[in-house]
Amino acid sequence: MHSPRRSHHLFMNILVLVKPVPDPEREKDIKVDVASGRLIREGIPMVIDPESRNALEAALQLAEKSGREQSAVAVLAMAPEQARDKLTEALAMGADEAYMLSDRAFGGADTFATSYTLAQAVRKIEDEKGFVFDLVLAGTSSSDGGTSHVAVQTAEWLGRTHISNVCSLDVNDGVVRAVKRSEEVMLSFEGEEPAVIGVTRDINRPRFVTAMGIIKARKRPLTLWSADDLEIDTMRTGLVGSPTRPGRMFEPEQKRAGETIGDTPEEAAAGILRIIRKAGL
Amino acid sequence: MDFNFTEEQVMLREAFAQFAKEEIAPYAAKWDEEDYVPMEIVPKLGEMGIMGVFVPEQYGGVGLGHVERCIALEEVARYSAGLAMMVFTHHLGLAAILDYGTEEQKQKWLPGMCDGSCVCGLAVTEPGGGSDVAGLKTVAELEGDTWTINGRKCFITNSHCAGVTVVTCRTGEDEKGRPLMSTIAIEAGTEGFKPGREENKMGLKGSYTGELIMDNVKVPVSNTVGEPGKGMAITMKELGEVGRASMAAIELGILRACLEDAVAFAKERVLYGKPLSKLQAIQFNIAEIRCDYEASRLMLYNAAAMKDAGKVGAEFSMAKYFTSEAAVRSARRLIEIMGGYGFVNEYPAGRYLRDAIGCVPSCGTSEIQKMIVAGETLKKF
Ligand SMILES: Cc1cc2nc3c(=O)[nH]c(=O)nc-3n(C[C@H](O)[C@H](O)[C@H](O)COP(=O)(O)OP(=O)(O)OC[C@H]3O[C@@H](n4cnc5c(N)ncnc54)[C@H](O)[C@@H]3O)c2cc1C
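Being a predicted model, the structure only gives us computed values, none of them experimental.

Enquirer: Can you walk me through the packing of helix α9 (residues 315–338) of chain B against helix α10 (residues 349–359) of chain B in this structure?
Expert: In a pair of packed helices, the angle between the axes and the distance between the axes together describe the arrangement. All names here are of chain B. At their nearest, the axes of α9 and α10 sit 9 Å apart, and the two run at 160 degrees to each other. It follows that α9 is roughly antiparallel to α10 by the angle criterion. For α9 against α10, the interelement crossing comes out left-handed. For the pair α9 and α10, the contacting residues are Lys320, Ala327, Val328, Ala331, Arg332, Leu334, Ile335 and Met338 in the first and Ala349, Gly350, Tyr352, Leu353, Ala356, Ile357 and Cys359 in the second. By residue class, the composition of the contact of α9 with α10 is twelve nonpolar, one polar and two charged.

Enquirer: Honestly, empty space enclosed by the protein in this entry has me stumped. Any pointers?
Expert: Residue and element names in this part refer to chain B. Counting across every chain of the model gives four cavities of 30 Å³ or more. Considering only enclosed or pocket space, the largest cavity measures out at about 50 Å³ in volume. Taken together, the elements giving at least two residues each to the lining of the largest cavity come down to α2 (28–34), α5 (81–100) and α10. Broken down by element, the residue count for the lining of the largest cavity peaks at three residues, all from α2. Of the residues that constitute the lining of the largest cavity, the class distribution is three nonpolar, two polar and four charged.

Enquirer: What am I meant to see in the sheet that holds strand β6 (residues 72–78) of chain A here?
Expert: The strands that make up a sheet are held in pairs by hydrogen bonds between backbone atoms, and each pair lies either parallel or antiparallel. Residue and element names in this part refer to chain A. One open sheet holds the nine strands; their spatial order is β11-β10-β9-β12-β8-β1-β6-β7-β13, and the pairing between them is mixed. Of all the strands in the sheet, the pair left with one neighbour each is β11 (186–192) and β13 (222–225). Averaged over all adjacent pairs, the angle separating strand axes in this sheet is 30 degrees, with direction ignored. Packing of helix α2 (residues 84–93) onto the sheet brings it into contact with β6, β7 (97–101) and β13, and relative to β7 it is tilted by some 160 degrees.

Enquirer: I keep staring at the site of the ligand and nothing clicks. Help me out?
Expert: Residue and element names in this part refer to chain B. With respect to spatial proximity, 21 residues lie near the ligand, and among them Thr125, Gly130, Ser131, Thr365 and Glu367 are the closest. Between the ligand and the protein, one listed contact pairs a nitrogen atom with a backbone N or O atom of Phe155 at 2.8 Å. In this structure, Thr365 approaches the ligand through a side-chain N or O atom, which is 2.6 Å from an oxygen atom. Within the complex, the protein chains bury 66% of what would otherwise be the 970 Å² of accessible surface of the ligand. Split into classes, the residues belonging to the shell around the ligand amount to eleven nonpolar, nine polar and one charged. Of the domains in this structure, domain 2 (122–231) and domain 3 (233–380) are the two that each give at least three residues to the shell around the ligand.

Enquirer: Looking at this structure, how should I read the domain arrangement of chain B?
Expert: As a measure of interface size, the accessible area lost when the parts come together is often cited. All names here are of chain B. Taken domain by domain, chain B consists of domain 1 (7–118), domain 2 (122–231) and domain 3 (233–380). Each of domain 1 and domain 3 has a C-alpha centre, and these two points are 20 Å apart. With 29 residues of domain 1 at the interface, the matching set in domain 3 holds 31 residues. Both faces considered, domain 1 and domain 3 share a buried interface measuring about 2400 Å² in area, 60% of it formed by carbon and sulfur atoms. The three residues of domain 1 that bury the most area against domain 3 are Glu74, Arg78 and Tyr100, which together make up 28% of that side's buried surface. Two residues, Glu74 and Arg256, come together in a salt bridge whose shortest N-O distance is 2.8 Å. Secondary-structure elements contributing two or more residues to the side of domain 1 that touches domain 3 are α2, α4 (66–79) and α5.

Enquirer: Can you help me understand the pattern of salt bridges in this one?
Expert: Between side chains of opposite charge, pairing is possible as soon as their charged atoms come close. Using the criterion set out here, one finds 42 salt bridges over all chains in the structure. Among the ionic pairs, A:Arg68 bridges to A:Asp96, the shortest N-O distance being 3.2 Å. Here the residue A:Arg68 occupies a position in the loop between α1 (50–65) and β6, and A:Asp96 occupies one in the loop between α2 and β7, the gap between them amounting to 28 residues. A relative accessible area of 22% means that A:Arg68 is categorised as partly exposed. A salt bridge links B:Glu75 to B:Arg256, with the shortest nitrogen-to-oxygen separation between them at 2.9 Å. Remark: B:Arg256 occurs in helix α7 (residues 231–268) and B:Glu75 occurs in helix α4; sequence separation between them is 181 residues.

Enquirer: Explain α7(B) to me, please; I cannot follow it from the model alone.
Expert: Each full turn of the α-helix corresponds to 3.6 residues, which orients residues three or four apart in the same direction. Residues and elements named next belong to chain B. Over its 38 residues, α7 extends 53 Å from the first C-alpha to the last, a length consistent with the 56 Å expected when each residue adds 1.5 Å. The axis of α7 is deflected most strongly, by about 35 degrees, at Leu239. The buried fraction of α7 amounts to 29 of the 38 residues, a majority that puts the element mostly inside the structure.

Enquirer: I keep staring at the state of the cysteines and nothing clicks. Help me out?
Expert: By definition, a disulfide links the sulfur atoms of two cysteine residues through a covalent bond. All names here are of chain B. According to the stated counting rule, one finds zero disulfides over all chains in the structure shown. No disulfide involves Cys169; its nearest neighbouring cysteine sulfur is the one of Cys120, lying 14 Å away. Taking relative accessible area as the criterion, Cys169 reaches 0% and is therefore assigned buried. Counting only cysteine sulfurs, Cys359 is the nearest neighbor of Cys363, a cysteine outside any disulfide, at a range of 10 Å.

Enquirer: Looking at this structure, I do not really get the confidence of the model for chain B. What am I missing?
Expert: Close reading of the predicted structure is inappropriate where its pLDDT is low. The predicted model of chain B has a mean per-residue pLDDT of 96, with 100% of residues at 70 or higher. With a pTM of 0.90, the predicted complex shows an ipTM of 0.90.

Parameters at a glance
- Think of each chain on its own: its residues are numbered from 1, step by step along the sequence as written.
- Each chain takes a letter, starting from A, and each ligand takes a number, starting from 1, following the order in which they are written.
- Under the rules for a predicted model, residues below a pLDDT of 70 receive no local features and side-chain atom pairs below 80 are neither given nor counted, while totals for whole chains, interfaces and linings still include all residues.
- Calculation of side-chain values draws on the structure's entire complement of heavy atoms; hydrogens and water are dropped beforehand.
- Axis definition: a line fitted to C-alpha atoms, over the contacting stretch in the case of helices. Angles run 0 to 180 degrees between N-to-C directions.
- Helix and strand definitions follow DSSP, with helices as H or I runs of at least four residues and strands as E runs of at least two, each counted in order from the N terminus.
- Should an angle fall under 35 degrees it is called roughly parallel, over 145 degrees roughly antiparallel, and 65 to 115 degrees roughly perpendicular, with every other angle called oblique.
- By definition, turning the near helix anticlockwise from the far helix through less than a right angle yields a left-handed crossing, and turning it clockwise yields a right-handed one.
- Two residues qualify as a contact provided that any one of their heavy atoms is within 4.5 Å of a heavy atom in the partner residue.
- Residues are grouped as follows: Ala, Val, Leu, Ile, Met, Phe, Trp, Tyr, Cys and Pro are nonpolar; Asp, Glu, Lys and Arg are charged; all remaining types, including Gly, are polar.
- Using only the protein atoms, space was sampled on a 1 Å grid; points where a 1.4 Å probe fits but cannot get out form cavities, open sets with protein on both sides within 12 Å along at least five of seven lines form pockets, and lining residues are those with an atom within 4 Å of a point.
- Grid points are joined across faces, edges and corners, and a volume is the space filled by probe spheres set on the points.
- Here the rule is simple: two strands pair whenever DSSP picks up at least two bridges between them.
- Proximity is defined per residue: any heavy atom of the residue falling within 4 Å of a molecule or strand makes that residue near it.
- Polar contact criterion, stated in full: a pair of N or O atoms within 3.5 Å, where within protein one must be able to donate a hydrogen and the other to accept it, and residues adjacent in sequence count only if both atoms are side-chain atoms.
- Only the protein chains shown count as cover for residues, and all accessible areas are computed by the Shrake-Rupley method using a 1.4 Å probe.
- Each domain's extent was defined by an automatic or database domain assignment.
- The buried area of a pairing is the accessible area, by a 1.4 Å probe, that goes missing from both parts when the two are put together, added over both.
- By salt bridge we mean one thing: a side-chain nitrogen of Lys or Arg within 4 Å of a carboxyl oxygen of Asp or Glu.
- The rule is simple: take the accessible area with a 1.4 Å probe, protein chains only, and divide by the maximum for that residue type; under 20% is buried, over 50% is exposed, in between is partly exposed.
- For a helix, the expected span equals 1.5 Å multiplied by the number of residues minus one.
- The bend at a residue is defined as the angle formed between two axes, one fitted to the seven residues ending at that residue and one fitted to the seven starting there.
- Cysteine sulfur atoms are paired as a disulfide whenever they fall within 2.5 Å.
- A score between 0 and 100, pLDDT records how confident the predictor is in each residue.

Printed below as a string of structure tokens:
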């Protein structure tokens, strides 16, 4: 469904894809079950993926710039129901409403199945609202998966323009201007709404959740959808719908060995320089 | 019955913890070293909802309770007990206005106190002895509808930064010759009212502690907080239910700092080719700190939940007494675990100990707490 584009509108409708992940600061506590190849995440608290937080901040800033009252920011997550409080947290940060997709049929999804499921949910939200989101924002790469696929693949399912690795973003009159950082240069892009943008952590500094925000979140709607609520082919969701087969998983063995470089400060400095140069840093 | 925080309280704790990690943790050592009071952070504390967390929304607050207030103080004190002292005393003075003030006073002062543009204080202690509240000498005399106040307060937190200070004054005697007190709000800048000496403290830096001098200070009778003559009861209630709760929350923050730092150090430091945490003597020290932390946590939040439910007795005195002694013990244990590193100022262990010791007299010494607990116990059992 594509409604005719509203030209010259001031306010914006933005959807943010928000991913709950195991706290990356506790990364060293995540173990690999070698037999099944699965990550053992039990006991590690969930947080909103850092880049998703940046995406939400970018959405809130764009909405504020274009008239916060008339603009709307919604968040969407596919996650087990226990992560529901992470969506409440997104509401407390300032999102107006939240959608959560939770179903056993979605479990074990790779990026292909995930993006398909998310895209179907985006379509359903847009159908219900009777408009197309001007922007869908997401993190470029999550701290636990890190494939950089989901934003791009979701855009492809939806048939929309997409730009990833965006470190600066502005929208004027339906034109999206995004700056992307590559290894050597900064690249500027222009595209038309509706678009899907993957942001990076340097795009902004996310605001804090405040006590007032938490109180406001009490009144903001959080909709829970299962597979039955979506127009979806469950052969294409979850583990069954995932063509990716991860290779062998293992925990890299980290070894550190001490080395003495030189007997005098001068010798040591020269030795350290040699090592740095050799590493190409 | 369960002792868990609600989902919303957990979220609040995480939000305050995140703020503290980013806005307080990186600077806490510097504030301590330079004896610096970071006034620039106060509006941010207002924005976070920490300054007015327990104030109803109609006055610009968040509308939560004392459990949430203690959560906020614990999180701030986790990284800077000194800064937490500023926040706690602000809550203490504010609570007197909220609980006993007129509608006009609340409308006038509370919004600014919630958004962080006005810090509040409560001044009771005098050079003649903090424990002897009935013996305080600051006098307020009423003529027409104006109070004239003369006297000197000491050890007052926020002495040099408060926009409004609630001052306990002697305003007469009852028929038996016992002193009658009144609590009167004085705004900064009022003629004759000025801060005196700023104390050079051994800990709890990051907040002002100093004298307040009242030399023929004239304030309208409309600044009286609560009924004239009831100041002793008002002061004791706020010290007892807001002050001691706050001190216990700050000490709990110090305890958690000791716990987290002890575990991190014991896991990282390698001795005899293995982490320190493998030594049973170290493990026992960590177990002691953990028990002290958990017991303190239960005592405090149980008392705070009782207060929110409308009924609390000597529980805050028990929590304050136990928690302040536990914080001193735990900081000492942390220093022992760390060996020489515990004694050098590159690590915060010494600061935790200095701060913990400073908490003991604040809002009533351990002896005073034990007297209150004993008094209630002898009646009750
Ligand atoms: C960091 C800090 C901040 C403070 N902030 C404030 C503030 O904002 N507002 C404010 O009004 N005050 C404040 N105070 C003062 C504090 O409340 C007093 O220090 C405290 O009440 C003790 O009073 P004192 O220091 O005069 O000691 P004293 O009352 O002189 O006590 C000396 C000793 O005698 C003991 N003692 C006293 N009476 C008895 C008794 N009956 N039986 C047995 N032992 C007894 C005490 O336990 C103590 O060991 C602050 C203090 C500190 C350290």
